[in-house]
Amino acid sequence: MQHIFEHGTNGRTLLLLHGTGGTERDLIGLAKEIDADANILSVRGNVLENGMPRFFRRVAEGIFDMEDLLFRTKELDDFVQQASVDYQFDRNQVIAIGYSNGANIAGSLLFHHENALRAAILHHPMVPNRDAKIPNLANVDVWIGAGTNDFMCPPQESEQLEQMLQAHGAKVETAWFNQGHQLAMPEVQASKAWYTGIF
Ligand code: MLT
């Protein structure tokens, strides 16, 4: 997969997953804000929708192509595994930071692949798959940033995602912002405060 890797010094790796129409460059600045000493593995989604990169196909807005979602999630999991060998980082210290479609594929990694992630920061995520057999997430920490007026992912999506993750043992914190689907600075600062409290 097309990606950027930058070596850090503290043994953690931030896996950056952009939103629809983004690229692997989008979240680099944000990652430096969260943890300037971590490795960065920033990936470009392999699917194109009208020329816009995404991480999996959708049938319509908010309706995912489940077969493609499962295929692309495994593809990403395999890619991170191979990258950990190639770049020599600890596969057990990978923390995803995803926005929108990127948050949804990060959620899908958690839902479908045990030990894929140590933690995740999910900006404006949805429930990736309501029928997933979710693995044990007892050692996983998740932060969800949600907008009270987010037309793309209504509040109940974030609430249900939180409940589903918690039901499988994850420690989840959800922060609400009086805004829509955009990712604004107060949300980044709140995710940083959470991250700093854990790592
Ligand atoms: C998705 O397709 O993952 C969500 O609708 C969010 C987005 O449009 O990226």
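J.: Quick question: what am I supposed to make of the overall build of the protein here?
T.: Scanning the protein from terminus to terminus reveals five helices and eleven strands. For 199 residues, the compact-globule estimate of 2.2 N^0.38 gives 16 Å, and the protein sits close to it at 15 Å. Long-range contacts, defined here as pairs at least 24 residues apart, represent 69% of the contacts in the protein between residues at least 6 apart. Of the roughly 8,700 Å² of accessible surface on the protein, 47% is carried by carbon and sulfur atoms. Mean positive and mean negative side-chain charge positions of the protein (15 and 25 charges, respectively) differ by 3 Å.

J.: What should I look at first to understand the packing of helix α2 (residues 66-86) against helix α3 (residues 101-112) in this one?
T.: Helix packing geometry: the angle between the two helix axes and the distance between the axes. It is the contact of α2 with α3, at a shortest axis distance of 10 Å, that shows an interaxial angle of 85°. On the basis of the axis angle, α2 is roughly perpendicular to α3. For the pair formed by α2 and α3, the contact residues are Leu-69, Leu-70, Arg-72, Thr-73, Leu-76 and Asp-77 on the first element and Ile-105, Ser-108, Leu-109 and His-112 on the second.

J.: Would you mind showing me how to read the site of the ligand here?
T.: Every residue close to the ligand is listed here: Thr-20, Arg-54, Phe-56, Arg-58, Gly-62, Phe-64, Ser-100, Asn-101, Asn-104, Met-126 and Met-152. Asn-101 places a polar side-chain atom, nitrogen or oxygen, 2.9 Å from an oxygen atom of the ligand. A distance of 2.8 Å separates an oxygen atom of the ligand from a polar atom in the side chain of Asn-104. When the ligand is considered free in solution it has 260 Å² of accessible area, and contact with the protein chains removes 98% of it. Partitioned by chemical class, the residues of the shell around the ligand number four nonpolar, five polar and two charged.

J.: Explain the pairing of strand β3 (residues 39-43) here, please?
T.: Moving residue by residue along a regular strand, the side chains alternate between the two faces of the sheet. Counting buried positions over the five residues of β3 gives five, a clear majority of the element. Residues Asn-39, Leu-41 and Val-43 of β3 are buried on one face, and the alternating residues Ile-40 and Ser-42, pointing to the opposite face, are buried as well. In terms of strand pairing, strand β1 (residues 3-6) meets β3 through four bridges, oriented antiparallel. Bridge pairing in β3 places His-3 opposite Val-43. Relative to β3, strand β2 (residues 13-17) runs parallel, the two being bridged by five bridges.

J.: Sorry if this is basic, but what is going on with the environment of Tyr-195 here?
T.: Relative to the helices and strands, Tyr-195 is located in helix α5 (residues 185-198). On the accessibility criterion, Tyr-195 (3% relative accessible area) is buried. Every residue in contact with Tyr-195, bar those within four places of it in the chain, is listed here: Arg-12, Leu-14, Ile-34, Asp-35, Ile-95 and Ile-121. For Tyr-195, the side chain forms a polar contact with the side chain of Arg-12, separated by 3.0 Å.

J.: What is the right way to look at α5 in this model?
T.: An α-helical segment advances 3.6 residues per turn. Residues three or four places apart therefore align on the same side. With 14 residues, α5 should reach 20 Å at 1.5 Å per residue; the first-to-last C-alpha distance of 20 Å fits that figure. On its buried face, α5 is in contact with β2, α1 (28-34), β8 (94-99), β9 (119-123), β10 (141-147) and β11 (171-177).

J.: Would you take a moment to explain the pattern of salt bridges for this structure?
T.: Proximity of charged atoms lets side chains of opposite charge pair with each other. Overall, the coordinates contain twelve salt bridges when judged by the stated rule. For Arg-58, the salt bridge identified is with Glu-49, shortest N-O distance 2.8 Å. Note that Asp-141 and Arg-118 form a salt bridge whose closest N and O atoms lie 2.8 Å from each other. Taken together, the residues Asp-141 in strand β10 and Arg-118 in the loop between α3 and β9 connect sequence positions 23 residues apart.

J.: Mind showing me how you'd approach the side chain of Asn-39 here?
T.: Checked against the element boundaries, Asn-39 lands in strand β3. At a separation of 2.6 Å, a polar atom in the side chain of Asn-39 contacts the main-chain amide nitrogen of Gly-8. Here Thr-13 takes part through its side chain, which lies 3.0 Å from a polar atom of the side chain of Asn-39. Those residues in contact with Asn-39 that lie beyond four places of it in its chain are Phe-5, Glu-6, His-7, Gly-8, Arg-12, Thr-13, Leu-14 and Phe-89.

Calculation rules
- Residues numbered from 1 in each chain as written.
- Predicted model: local features only at pLDDT ≥ 70, side-chain atom pairs only at ≥ 80, totals over all residues.
- Heavy atoms only, no water.
- Helix = DSSP H or I, 4+ residues; strand = E, 2+ residues; numbered from the N terminus.
- Rg over C-alpha atoms; globule rule 2.2 N^0.38 Å.
- Contact = heavy atoms within 4.5 Å.
- Areas by Shrake-Rupley, 256 points an atom, 1.4 Å probe, with all protein chains shown as cover.
- Lys, Arg positive; Asp, Glu negative; His and termini not counted.
- Charge placed at Lys NZ, Arg CZ, Asp CG, Glu CD.
- Axes fitted to C-alpha atoms, helices over the stretch in contact; angles between N-to-C directions.
- Parallel < 35°, antiparallel > 145°, perpendicular 65-115°, else oblique.
- Near = heavy atom within 4 Å.
- Polar contact = N/O pair within 3.5 Å; in protein donor to acceptor, adjacent residues only side chain to side chain.
- Nonpolar A, V, L, I, M, F, W, Y, C, P; charged D, E, K, R; others polar.
- Buried < 20%, exposed > 50% of the residue type's maximum accessible area, 1.4 Å probe, protein only.
- Pairing = 2+ DSSP bridges.
- Expected span 1.5 Å × (residues − 1).
- Salt bridge = Lys/Arg side-chain N within 4 Å of Asp/Glu carboxyl O.

That is the geometry; function is a separate question.
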